[in-house]
Amino acid sequence: DDARRAEAAARKVDARIVNSEGSQVDSDFHRIAYGNTRGFLGTYESAGHSLFCEPLAQQDGAMQRDYWLTSARRLDRLEDAAAVGRRAAERALRRLAARRVATCEVPVVFEPLVARSLLGHLVGCLSGGAIYREASFLAGRLGERIASEVVTVIDDGRLPGGLGSRPFDGEGQPTRRNV
């Protein structure tokens, strides 16, 4: 029902929303158990819920699509389905007016979805396995500044309700706040 509500809301935003790549709802429930040869054995339960909508906009023969999604550990923490559909439609419509920008050097502010993706690539470079295998440009650079002074990244695996929160990491170490 939520997927249908999101899609219907997207289509009501503007007549230029002509179709959809789909909307979907997902819920996952997990029980995680981890043990190692150093005597650690831990378990925890986890849940995750999401709602996704991807409408298509068309104008003057040009067609664009975009999406919006919401995800949370608890179902009641998801954004309203109709709001997700409307936001997805607005994002697709704004692409219809896209124009090329001349090559230049300018400050860039990334929207949250793009910033999150870029940060995800950095996190991959910080993984223990990548550092141990020296497969990361960050291997051997502990304590060095790797970004602008205005950038601070905090990894806190203990945030209540956080999508990545958990009591221990992939090596059985307790999660903590890392700056």
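Anything mentioned here points back to the structure above.
Predicted, not measured: the structure shown is a model, and the values here were computed from it. (Residues numbered from 1 in each chain as written. Predicted model: local features only at pLDDT ≥ 70, side-chain atom pairs only at ≥ 80, totals over all residues. Heavy atoms only, no water.)

Student: An account of the overall build of the protein is requested, with residue identities and associated values reported.
Tutor: Of the regular secondary structure elements, the protein holds four helices and six strands. Its helices and strands in sequence order give the protein the pattern α-β-β-β-β-α-α-α-β-β, from N to C terminus. Computed over its C-alpha atoms, the radius of gyration of the protein comes to 21 Å, more than 25% above the 16 Å expected for a compact globule of 179 residues. Based on the C-alpha atoms only, the size of the protein along its principal axes is roughly 60 × 45 × 25 Å. Put simply, the protein has 179 residues, and 24% of those count as buried. Total accessible area computed for the protein in this model is approximately 13000 Å², and 51% of it derives from carbon and sulfur atoms. Of the side chains in the protein, 26 bear a positive and 24 a negative charge, and the two mean positions are spaced by 1 Å. (Helix = DSSP H or I, 4+ residues; strand = E, 2+ residues; numbered from the N terminus. Rg over C-alpha atoms; globule rule 2.2 N^0.38 Å. Buried < 20%, exposed > 50% of the residue type's maximum accessible area, 1.4 Å probe, protein only. Areas by Shrake-Rupley, 256 points an atom, 1.4 Å probe, with all protein chains shown as cover. Lys, Arg positive; Asp, Glu negative; His and termini not counted. Charge placed at Lys NZ, Arg CZ, Asp CG, Glu CD.)

Student: Can you lay out unusual backbone geometry for me, pointing to particular residues and giving the numbers?
Tutor: Its identity as a non-glycine residue notwithstanding, aspartate 60 has a phi of 50°, on the positive side. Mapping aspartate 60 onto the fold places it in the loop between β2 (41-59) and β3 (62-65). Using a relative accessible area of 78% as the deciding quantity, one classes aspartate 60 as exposed. Notably, glutamate 134 is not glycine yet its phi reads approximately 55°, a positive angle. Position of glutamate 134 relative to the elements: it lies in the loop between α4 (128-132) and β5 (155-156).

Student: Please set out the side chain of serine 23 residue by residue, giving values where relevant.
Tutor: The residue serine 23 is located in strand β1 (residues 17-35) in this model. Other than its neighbours up to four places away in sequence, serine 23 contacts Ala3, Ala6, Glu7, Phe52, Cys53 and Glu54. (Contact = heavy atoms within 4.5 Å.)

Student: Outline the pattern of salt bridges, supporting the account with residue identities and numerical values.
Tutor: With the rule as written, the count across this model stands at 14 salt bridges. With a closest N to O distance of 3.7 Å, glutamate 21 and arginine 65 form a salt bridge. Linking glutamate 21 in strand β1 with arginine 65 in strand β3, this pair joins segments that are 44 residues apart in sequence. Here glutamate 111 ties to arginine 91 by a salt bridge, and the two come within 2.8 Å at their closest N and O atoms. (Salt bridge = Lys/Arg side-chain N within 4 Å of Asp/Glu carboxyl O.)

Student: Give a detailed account of the packing of aromatic side chains, specifying residues and quantitative values.
Tutor: If you walk through the whole model with that rule in mind, you get five aromatic pairs. An angle of 45° between the planes, with centres 6.1 Å apart, marks the rings of tyrosine 34 and phenylalanine 40 as tilted. Residue classification places tyrosine 34 among the partly exposed positions, given a relative accessible area of 26%. For the pair tyrosine 34 and phenylalanine 168, a centre-to-centre distance of 6.4 Å together with 35° between the ring planes defines the contact as tilted. A residue pair is termed long-range when its members are at least 10 positions apart, and tyrosine 34 in strand β1 and phenylalanine 168 in the loop between β5 and β6 (177-178) qualify at 134 residues. Site record: aromatic cluster; members linked through ring pairs are Tyr34, Phe40, Tyr44 and Phe168. Cation over ring: arginine 91 sits above tyrosine 67, and NZ or CZ is 5.9 Å from the ring centre. (Phe/Tyr/Trp six-rings, centres within 6.5 Å; stacked < 30°, edge-to-face > 60°. Lys NZ or Arg CZ within 6 Å of the ring centre and 35° of its normal.)

Student: Which residues make up the side chain of serine 20, and what values go with them?
Tutor: As for its position among the elements, serine 20 is in strand β1. Side chain to side chain, serine 20 and glutamate 7 meet in a polar contact 3.3 Å long. A polar side-chain atom of serine 20 sits 2.7 Å from the main-chain amide nitrogen of glycine 22. Here serine 20 is in contact with Glu7, Arg11, Glu54, Pro55 and Leu56, once residues within four sequence places are set aside. (Polar contact = N/O pair within 3.5 Å; in protein donor to acceptor, adjacent residues only side chain to side chain.)

Student: Give me the environment of arginine 94: which residues, what numbers.
Tutor: Looking at the secondary structure, you find arginine 94 in helix α2 (residues 81-96). With 44 residues separating them along the chain, arginine 94 and leucine 138 place their C-alpha atoms 38 Å apart. When residues no more than four places from it in sequence are discounted, the contact partners of arginine 94 are Asp66 and Glu111.

Student: A description of the packing of helix α1 (residues 2-13) against α2 should follow, citing residues and the corresponding values.
Tutor: Between α1 and α2, the shortest axis-to-axis distance is 7 Å and the interhelical angle comes to 40°. Considering their axes alone, α1 and α2 lie oblique with respect to each other. Here α1 runs over α2; the crossing is right-handed. The segment α1 lies against α2, with Asp2, Arg5, Ala6, Ala9, Ala10 and Val13 engaging Ala81, Ala82, Gly85, Arg86, Ala89 and Leu93. Residues that form the contact of α1 with α2 fall into these classes: eight nonpolar, one polar and three charged. (Axes fitted to C-alpha atoms, helices over the stretch in contact; angles between N-to-C directions. Parallel < 35°, antiparallel > 145°, perpendicular 65-115°, else oblique. Left-handed = near helix turned anticlockwise from the far one by under 90°. Nonpolar A, V, L, I, M, F, W, Y, C, P; charged D, E, K, R; others polar.)

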